[in-house]
Amino acid sequence: MPDPNGFLRYPRRMPARRPVPVRISDWREVYPPAGEELIREQAARCMDCGIPFCHSDTAGCPLANRIPDWNDLVRTGNWDAAVESLHATNNFPEFTGRLCPAPCEAACVLGIAGGDPVTIKQVEVEIADAAVARGLTPRPVPAPSGRSVAVVGSGPAGLAAAQQLARAGHAVTVYERDDAIGGLLRYGIPDFKLEKRHIDTRLAQLAAEGVEFRTGVNVGVDVTAEQLREQHDAVLLACGALQGRETDTPGRALRGVHQAMAHLVAANRVVAAGEGRPALATLPDGTPIDAAGKHVVIIGGGDTAADCLGVAHRQGAAGVHQLDLYPRPPQARDEARDPWPTWPWILREYAAHEEGGERVFAVAVQEFVDDGTGAVRAVRIAEVTVEKRAGRRIVTTVPGTERELPADLVLLAIGFEGTEEQPLLAQFGVSRNARGAIDSRADWQTEVDGVFVAGDMHRGASLIVWAIAEGRAAAAAIHTYLGGIGALPAPVHAASRPLAV
């Protein structure tokens, strides 16, 4: 039984982040491990609600993680059982515990009326790390099914599906066009949020379970869709949603104005190179995209923008401004706008904001200013108001508020427009919808029989927890399609969406 008074006896506490001067001098994770005493105390705050919204698939966790169960197991020191309970619903808790923004905490009953929810995400990552410390035991299947599946894309959706299918006895090959497995986890997420050793440890487990990885294979170019369908009984497309949203702001073509993801990938590649790595981050064509000594302007207010901010600090930027189109959000949930347990619009302070830079709200870029040689030297901004009318966003410039910010490097972190147009789409006979995603039927198949889709490629850019949930659900559908014995867990439906007002 849980401690019914735990939330009364213990306040919400998190482990202290590594000191700013120390952490911006390296690329290691911001948070050190929490001590066992702290994490057991925080787990004790969970009251095991009669209706635990935290693991509702629409309000809280789409994976339906058994949060009250493993909170109480941690509280009582039963770590082995906590590890088993967590892995029952989540293939990669070390990823979600570090990267998921935790809709489960927004749906925690303790958060009603401005209360402090349980530190679910922190408890999760400590359980996951305990699992790794004990050794991740592979679960190879004793009797192969004789059926084969190709998974195209090696992000969290593709890897989750691959593990589920391999454990069900199917031969699984993961195709990745990059030179290493992991998708955005590998080259899109900075090491200060996710050190890549976590990916490598999990990949070793998958390999021991029979999953085959093929890197440097661009499906649709290096191997055709027809060849893939001849070699496998089913195909899962899990290529993500990497098409960055563009802007038609004057001066967009100037040198020094880039998509945010280009900056993150280049920085990650420098870190991955290790000793003897290049001094500065560059694009594949050699164009510098490093923030060292530069005035950086980041356009956007979400996770990707914060990642660019943290990278700019570590590269030695001269100064950073982060611009947000919307006004400064409130510190606490506005119940009239976002009633519990929906995801609230509040001011989110990432670790990178503690490290420096200036956030500017309710502004829009009017022009990227040319230095006379075709490179950006500044951005001209103006204050704006934003309204929504009939479902459309109306942005109005406030007269007389224009000013310039110095800018040698501008990063566009204004969202994604779905999966990229690429040869494999036409070859498989699938097409992007109006949102840039790939539609599926209720059984996760595309318009083409035997070709399935999951993750961001299916739902658009979303949370890692949704990607894993969709990967697991699509794996269950593929298992059924192949005539597999029994049923695999399917935490979400193809049409599932988060709870919203």
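Preceding block: the structure.
Criteria and cut-off values
Residues numbered from 1 in each chain as written. Predicted model: local features only at pLDDT ≥ 70, side-chain atom pairs only at ≥ 80, totals over all residues. Heavy atoms only, no water. Helix = DSSP H or I, 4+ residues; strand = E, 2+ residues; numbered from the N terminus. Expected span 1.5 Å × (residues − 1). Buried < 20%, exposed > 50% of the residue type's maximum accessible area, 1.4 Å probe, protein only. Axes fitted to C-alpha atoms, helices over the stretch in contact; angles between N-to-C directions. Parallel < 35°, antiparallel > 145°, perpendicular 65-115°, else oblique. Contact = heavy atoms within 4.5 Å. Nonpolar A, V, L, I, M, F, W, Y, C, P; charged D, E, K, R; others polar.

Draft legend 1. The arrangement of helix α11 (residues 197–208) in detail. End to end, α11 covers 17 Å across 12 residues, agreeing with the expected 16 Å (1.5 Å per residue, within 8%). Where α11 terminates, the next one or two residues include glycine 210, which has phi positive at roughly 105 degrees.

Draft legend 2. Geometry of helix α9 (residues 156–167). With 12 residues, α9 extends 17 Å between its outermost C-alpha atoms, agreeing within 8% with the 16 Å of an ideal straight helix rising 1.5 Å per residue. Within α9, 11 of the 12 residues are buried, leaving the element largely enclosed by the surrounding structure. Downstream of α9 by a residue or two, glycine 169 has a phi angle that is positive, lying close to 105 degrees.

Draft legend 3. Representation of unusual backbone geometry. The omega angle of the peptide bond from tryptophan 340 to proline 341 is 10 degrees, so this bond is cis rather than trans. With respect to the element layout, proline 341 can be found in the loop between β7 (319–324) and α15 (351–354). In this structure, alanine 113 is a non-glycine residue whose phi angle is positive, near 60 degrees. Mapped onto the fold, alanine 113 is located in the loop between α7 (103–106) and α8 (120–134). Backbone geometry places tryptophan 444, a non-glycine residue, at a positive phi of 70 degrees. Its place among the elements puts tryptophan 444 in the loop between α16 (423–428) and β14 (451–453).

Draft legend 4. Representation of the packing of helix α5 (residues 79–87) against α8. The geometry of α5 relative to α8 is characterised by a closest axis approach of 9 Å and an angle of 110 degrees between their N-to-C directions. As far as their axial angle goes, α8 and α5 are roughly perpendicular. Listed contacts from α8 to Trp79, Asp80, Ala82, Val83, Leu86 and His87 of α5 are Glu124, Glu126, Ile127, Ala128, Ala130, Ala131 and Arg134. Residue composition of the contact of α5 with α8, grouped by class: 8 nonpolar, 1 polar and 4 charged.

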